[in-house]
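# Structure at a glance
Below, each chain spelled out in residue letters.
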Amino acid sequence: MSILLLAIALAAPISPDLEEARPAERVTCSVDVRALDAQGQPRSARLVSASIAPAVVFRGRLSLHEREMEDEATPATLLFDVFNARGQRYQVLVAEPRVVVSERAGHRVKKVSKTREAALAVAGSSIAWTSMYGKWRVEPRIEGTTRRCGAPEYFTIQP
Amino acid sequence: MRVAPTLGAWRLFVGTDGGGVHAVDGKSGQLIWSRSAAFGTALPSNGGAQAAPAGLFKNFGGNNDMILVGTNNGPDTFYALDPDTGNDIASYSDAGMAPITGMAVVDYAGNRAFFLTSNSPAVLYGVDLGPPLAANLTLSTLLSPNPVNCSPGSAGSAVLRNNRLYFGSSSTRICSVDLLTGSVSTAGNTGDGAVKGFVWPDRRNNNLYFSSNTRVQAVRDLGASINPLWSLPIPNASMVLQKPGSDYIYVGNGNGQLIQIDVVTQFQTPLTLEASGVQIGAPSLDGGYDLVIVGSSTGTLHAVRVPY
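These lines cover the structure that appears in this document, whether it is placed above or below.

About the cut-offs
- Residues numbered from 1 in each chain as written.
- Chains lettered and ligands numbered in written order.
- Predicted model: local features only at pLDDT ≥ 70, side-chain atom pairs only at ≥ 80, totals over all residues.
- Heavy atoms only, no water.
- Helix = DSSP H or I, 4+ residues; strand = E, 2+ residues; numbered from the N terminus.
- Buried < 20%, exposed > 50% of the residue type's maximum accessible area, 1.4 Å probe, protein only.
- Contact = heavy atoms within 4.5 Å.
- Areas by Shrake-Rupley, 256 points an atom, 1.4 Å probe, with all protein chains shown as cover.
- Pairing = 2+ DSSP bridges.
- Salt bridge = Lys/Arg side-chain N within 4 Å of Asp/Glu carboxyl O.
- Buried area = accessible area lost by both parts, 1.4 Å probe.
- Disulfide = S-S within 2.5 Å.

### Describing the overall build of chain A
A count of helices and strands for chain A gives five helices and eleven strands. The proportion of buried residues among the 159 residues of chain A is 45%. When contacts within chain A are restricted to residue pairs at least 6 apart in sequence, long-range pairs at least 24 apart make up 59% of them. Just so you have it, chain A exposes about 9,200 Å², and 52% of that area is on carbon and sulfur atoms.

Dropping the structure here:
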């Protein structure tokens, strides 16, 4: 019986929805948050000083298999929706994929990085000039979609 | 601003938090040039040019036409860009330079510019801008030493008045640099976070107004010292704006309000623009119509007739 069910399942036509599903909808992602210190070195973003840290850096990572990424004509761009401590969307940061083209055995090889980075300016920005302190949130999302592709991350900005 | 007859157009120069510098046609809104990652033309810095651009223009009596902007987050460099194309004209950097996140101040009479960095000891730099038809950036001999230290650094901008430069540090310290003697005087640290943006000099006297984390404050420059005048608790105050020639300064707060403060009596008149919890940003003035223009964290722009 179970073999019959498996056969039926395998023979079932592919749903049009699945067939047309865009690669972005198959991708999940995560985001790592780091603060830069005054020397530009990455540090923990648990507490970010708005008078010292020039930026908070978001590094998104796609779960899609690297081979699949390489085959894509247009690799996905990540967006980071950044929400202030009051839950208002402060910025949408664009993180373009880095594409490196090299030659291997006479063939051009395109390699797309699975990480994408974008930075949120902090010191000297309107965050500092209007004391927008508190617990901030960043949500990663694939460009062209409306739902986040990974869990939100939090960081705290203080004076 | 109308930058130069040769450019033949009204042109706006803007910086964006993402690190770009852009020129926009002031009448059509069309982008003329952009130094940004989106166009593959970003200034060579991890953080780009977060600082607002300043400018020197022949149309206003300058020796040359140039846009002046510093970069953030290494390598930290001060650039002169061609207002027509956005291309580099000249740059200045040295090993001690820290991120430049504030707008430079341009002294047309002295053909020089001053900018701040966020880390001591190299805090205030002065650069000469070069003779006509030979725009350049070289360390000015006017300041000695150059750069000037005023610990712990500043993410804001200096203002120039009567051969003095004033700026706030990231520890609520006010620094005053006499450009004739090179002497530096400071007002104490009130422990209320960074001075926001810049200090506002009252052109009628020697008073300076500024915001820190939870307060709006006034000090008076007496030459040899800077004395505190008053300090008002206003949480999440924005940068300060004075209506020139009046007793009123304006600040936004974190409760959806624009606050008018009488600098003589310290009487406050709040005007509620949005719900409590909404941050009102730095005000700017349309002097021709007596309007204060402010944005908010909900993305709303308000125009308020002043005084009210």
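### Quick notes on the sheet that holds strand β17 (residues 207-211) of chain B
All names here are of chain B. Read from one edge to the other, the open sheet built from four strands follows the order β16-β17-β18-β19, with strand pairing classed as antiparallel. This sheet does not close on itself; its edge strands, each paired only once, are β16 (200-201) and β19 (226-233). Of the strand pairs in this sheet, β16 and β17 are connected by two bridges, and their pairing is antiparallel. In the strand pairing of β17, W200 is matched with Y209.

### Observations regarding the pattern of salt bridges
Residue and element names in this part refer to chain A. In total, this model carries 15 salt bridges over all chains according to the counting rule given. Here R59 makes a salt bridge to E117, at a shortest N to O gap of 2.6 Å. Taken together, the positions of R59 in strand β4 (residues 55-62) and E117 in strand β9 (residues 115-121) put the pair 58 residues apart, joining distant regions of the chain. Between R137 and E139 there is a salt bridge, and its shortest N-O distance comes to 2.9 Å. For R137, a relative accessible area of 23% gives the class partly exposed.

### Quick word on the interface of chain B and chain A
Each side of the interface is counted separately: chain B has 27 residues, and chain A has 23 residues. Roughly 1,900 Å² is buried in total at the junction of chain B and chain A, and carbon and sulfur atoms are behind 49% of that figure. Interface area lost by chain B to chain A is led by D17, N73 and S297 of chain B, which between them contribute 24%. There are zero salt bridges connecting chain B and chain A.

### Overview of the state of the cysteines
All names here are of chain A. With the rule as written, the count across this model stands at two disulfides over all chains. Disulfide pairing places C29 opposite C149 at an S-S distance of 1.9 Å. Because the sign of the S-S torsion sets the handedness, a value of about 90° for the bond joining C29 and C149 places this disulfide among the right-handed ones. With a gap of 120 residues between them, C29 in strand β1 (residues 29-36) and C149 in the loop between β10 (134-142) and β11 (153-158) connect regions that are remote in the sequence. When its relative accessible area of 10% is taken as the criterion, C29 is described as buried.

### Regarding the side chain of R116 of chain A
Mapped onto the elements of the fold, R116 of chain A is located in strand β9. Overall, the relative accessible area of 1% leaves R116 of chain A in the buried class.

### Let's talk about the environment of T156 of chain A
Residues and elements named next belong to chain A. Structurally, T156 can be placed in strand β11. Under the relative-accessibility criterion, T156 is labelled partly exposed at 24%. Considered as a pair, T156 and A85 are 71 residues apart in the sequence and their alpha carbons are 8.4 Å apart. When sequence neighbours within four positions are dropped, the list of residues in contact with T156 reads A45, R46, L47, V48, G134 and K135.

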